[in-house]
Amino acid sequence: MRLDITEDDECFRRAARDWLADNVPAAPAPYDGQPARDYALDWLATCHAGGWSGLGWPREYGGQGAPGEKLILWYEEYVRARAPSVLDCTFVAVNHAGPTLIALGSDAQKAFHLPRILEGRSVWCQGFSEPGAGSDLASLAATGRVEGDEIVVNGQKIWTSFADIADYQELLIRTDPDQDRHRGLSWVICDMTAPGITVRPIRNMAGVTHFAEVFYDDVRIPLSNVVGGLHDGWRTAMTTLGFERRTAAMGVQLALSIKVEDLIARAEPAPGSATAERLADLRAEAAALRAMTYRTVFRDSATSSDGSLMRLVFAELAQRIAQASMDILGAEALTDTPPTHDYLEAYSETIAGGTAEIQRNIIAERILGLPRS
Ligand SMILES: Cc1cc2nc3c(=O)[nH]c(=O)nc-3n(C[C@H](O)[C@H](O)[C@H](O)COP(=O)(O)OP(=O)(O)OC[C@H]3O[C@@H](n4cnc5c(N)ncnc54)[C@H](O)[C@@H]3O)c2cc1C
């Protein structure tokens, strides 16, 4: 672990700051649908042309092979420049589908998909959750019947973010019904244009359709699309979730500090007032989250329980900041789209990517060593 900033780091930071100043789009990102897809892919293509996409990916797969400290510097500059949220429709592809393929994909899968992802030419979604399988993912019921060199998929997924605008899906299905729970699953690359797929967008209370139900009716997927071995999909899924729960959300976590600073600038609280005290607490909590983020990045042995700790602190802090924005800005917040939108969206933070209760269970068992209930 290295705590000092070297001359080389400073050069990198300046290069990132200058590039972002020249390239961050002036127009805000559209919230959903085809305009959101076009905007996100354009921005990723711009980053790629500038040599800033896939910073953490190995060089042999088109990335920059940047170590953790460079990633931190990049995301600090990224959020400072108010660059587009990293949680857009390219997030799954860049942050966990790509890394999963790098770790467990075949040469053909890597050769086809990795350049498309980094160059901003494909959108991926994650098809894990089902109506009866969210926190208890291993109880999933969508089936894949092996027929010759194909898998025939039937069933349903739900809450699939960006399914309506995705090209490919990380699809987790039960391919061996004789095996129980974690066994007999397969992680396959599903082409979202395959016949038999129906996507039904779900509108959330913020009025946007970020996620969808996906139905599979005899969808044929080549066996060569299995990643990490037939019936061995649980191992692949844990690899995917490992990327999702560790450092993938670094950009979103660091962005919370900027939200607090923006709120302080807008609220102009009187020194010593209750509002000033509340904002000071939020500033301190955001700084603590940044410190946790750095610690996870620098620790070589970061585990999924570190990810749970960060995910929980992030989710609850995001909700407190959103609530504070509404309370402090008052009527101004209601006529101002981002705070209202952020406030309504923040409710999902303690559900998406594993609920707060599930994160607390993991922390209790794996960090505190408490007995399983
Ligand atoms: C904005 C958003 C985007 C999402 N995007 C995707 C996506 O792209 N792909 C995807 O596959 N999924 C996605 N999800 C789904 C998400 O992963 C699930 O919602 C989450 O895992 C919870 O599962 P569930 O909704 O089935 O709730 P359930 O598992 O049914 O839980 C219901 C309640 O019971 C509690 N509970 C359940 N089990 C326990 C337990 N053992 N101990 C204590 N409490 C428990 C939960 O905390 C929760 O409060 C998304 C969700 C949201 C909100």
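Since the structure is predicted, the reported quantities are computational estimates derived from the model, not experimental observations.

Enquirer: Account for the overall build of the protein chain, naming residues and giving values.
Expert: Per the secondary structure count, the protein chain includes 12 helices and 7 strands. Here the C-alpha atoms of the protein chain give a radius of gyration of 21 Å, agreeing with the 21 Å that 2.2 N^0.38 yields for 373 residues. By its C-alpha atoms, the protein chain is 70 × 45 × 45 Å across when sized along the principal axes. Relative to its full complement of 373 residues, the protein chain shows a buried share of 49%. At a minimum sequence separation of 6, the contacts of the protein chain that also span at least 24 residues come to 69%. About 17,400 Å² of surface is accessible on the protein chain, with carbon and sulfur atoms providing 53% of the total. Within the protein chain, one finds 35 positive and 51 negative side-chain charges whose respective centroids are separated by 3 Å.

Enquirer: Tell me about the UniProt feature "domain: Acyl-CoA oxidase/dehydrogenase middle" (unreviewed entry) in the protein chain, residues and numbers included.
Expert: The positions that UniProt labels "domain: Acyl-CoA oxidase/dehydrogenase middle" (unreviewed entry) are, in the present scheme, residues 125–219. With 0% helix and 52% strand, the stretch residues 125–219 has end C-alpha atoms that lie 17 Å from each other.

Enquirer: So, a nonpolar patch on the surface: which residues are in play, and what are the values?
Expert: Taken together, the side chains of Ile367, Leu368 and Leu370 define a hydrophobic patch exposed on the protein surface, amounting to about 280 Å² of accessible area. Within the secondary structure layout, leucine 370 lies in the segment after helix H12 (356–367). By relative accessible area, which is 45% here, leucine 370 ends up partly exposed.

Enquirer: Which residues make up the pattern of salt bridges, and what are the values?
Expert: Overall, the coordinates contain 26 salt bridges when judged by the stated rule. Between aspartate 167 and arginine 37 there is a salt bridge, with the nearest N and O atoms lying 3.0 Å from each other. One end of the pair, aspartate 167, is in the loop between strand S3 (150–161) and strand S4 (168–174); the other, arginine 37, is in helix H2 (residues 33–49), with 130 residues separating them in the sequence. For arginine 37, a relative accessible area of 14% translates into the label buried. Taking the shortest distance from any N to any O, the salt bridge between aspartate 262 and arginine 82 comes out at 2.3 Å. Here aspartate 262 is found in helix H7 (residues 250–267), whereas its partner arginine 82 is found in the loop between helix H3 (68–80) and helix H4 (91–104), with 180 residues between them in sequence. The partly exposed category is assigned to aspartate 262, whose relative accessible area is 31%. What emerges from the salt-bridge pattern is a single network uniting Glu10, Arg13, Arg17, Glu76, Glu77, Arg80 and Arg290.

Enquirer: Give me the environment of glutamine 253: which residues, what numbers.
Expert: You can see glutamine 253 is positioned in helix H7. We classify glutamine 253 as buried; its relative accessible area is 6%. Taking the C-alpha atoms as reference points, glutamine 253 and aspartate 306, 53 residues apart in sequence, are found 14 Å from one another. Beyond its immediate chain neighbours, meaning those up to four positions away, glutamine 253 contacts Leu289, Thr293, Met310 and Phe314.

Enquirer: Report on helix H5 (residues 107–118), specifying residues and quantitative values.
Expert: For H5, spanning 12 residues, the distance from its first C-alpha to its last is 17 Å, which sits close to the expected 16 Å at 1.5 Å a residue. For H5, the full list of buried residues reads Gln109, Lys110, His113, Leu114, Ile117 and Leu118. Axial view of H5: buried residues confined to an arc of 120 degrees, hence all on one face. Exposed side chains of H5 directed beyond 90 degrees from the buried face belong to Ala108 and Ala111. Buried residues belonging to H5 abut H2, H4, strand S1 (124–127), S4 and strand S5 (185–191). Just downstream of H5 lies glycine 120, where phi reads positive at about 75 degrees.

Enquirer: Lay out unusual backbone geometry in plain terms, naming residues and giving numbers.
Expert: Positive phi values are uncommon outside glycine, yet tryptophan 159 reaches one of about 60 degrees. For tryptophan 159, the location among the structural elements is in strand S3. Of note, the phi angle at histidine 231 is positive, near 65 degrees, even though the residue is not glycine. Along the chain, histidine 231 turns up in the loop between strand S7 (211–222) and helix H6 (233–245). In this structure histidine 231 comes out as partly exposed when scored by relative accessible area, which is 29%.

Enquirer: Explain H3 to me, and be specific about the residues and the numbers.
Expert: Along its 13 residues, H3 runs 18 Å from first to last C-alpha, staying within 8% of the 18 Å computed at 1.5 Å per residue. Counting buried positions over the 13 residues of H3 gives 12, a clear majority of the element. Those residues of H3 that are buried lie in contact with helix H1 (7–23), H2, H7 and helix H8 (274–298). Just downstream of H3, arginine 82 is the residue with a positive phi angle, here 55 degrees.

Reading the values: rules and limits
Residues numbered from 1 in each chain as written. Predicted model: local features only at pLDDT ≥ 70, side-chain atom pairs only at ≥ 80, totals over all residues. Heavy atoms only, no water. Helix = DSSP H or I, 4+ residues; strand = E, 2+ residues; numbered from the N terminus. Rg over C-alpha atoms; globule rule 2.2 N^0.38 Å. Buried < 20%, exposed > 50% of the residue type's maximum accessible area, 1.4 Å probe, protein only. Contact = heavy atoms within 4.5 Å. Areas by Shrake-Rupley, 256 points an atom, 1.4 Å probe, with all protein chains shown as cover. Lys, Arg positive; Asp, Glu negative; His and termini not counted. Charge placed at Lys NZ, Arg CZ, Asp CG, Glu CD. UniProt positions renumbered as here; feature names shortened; annotations may be inferred. Patch = residues over 30% accessible without salt bridge, like charges linked within 9 Å, V, L, I, M, F, W, Y side chains within 5 Å. Salt bridge = Lys/Arg side-chain N within 4 Å of Asp/Glu carboxyl O. Expected span 1.5 Å × (residues − 1). Arc of directions from axis to C-beta.

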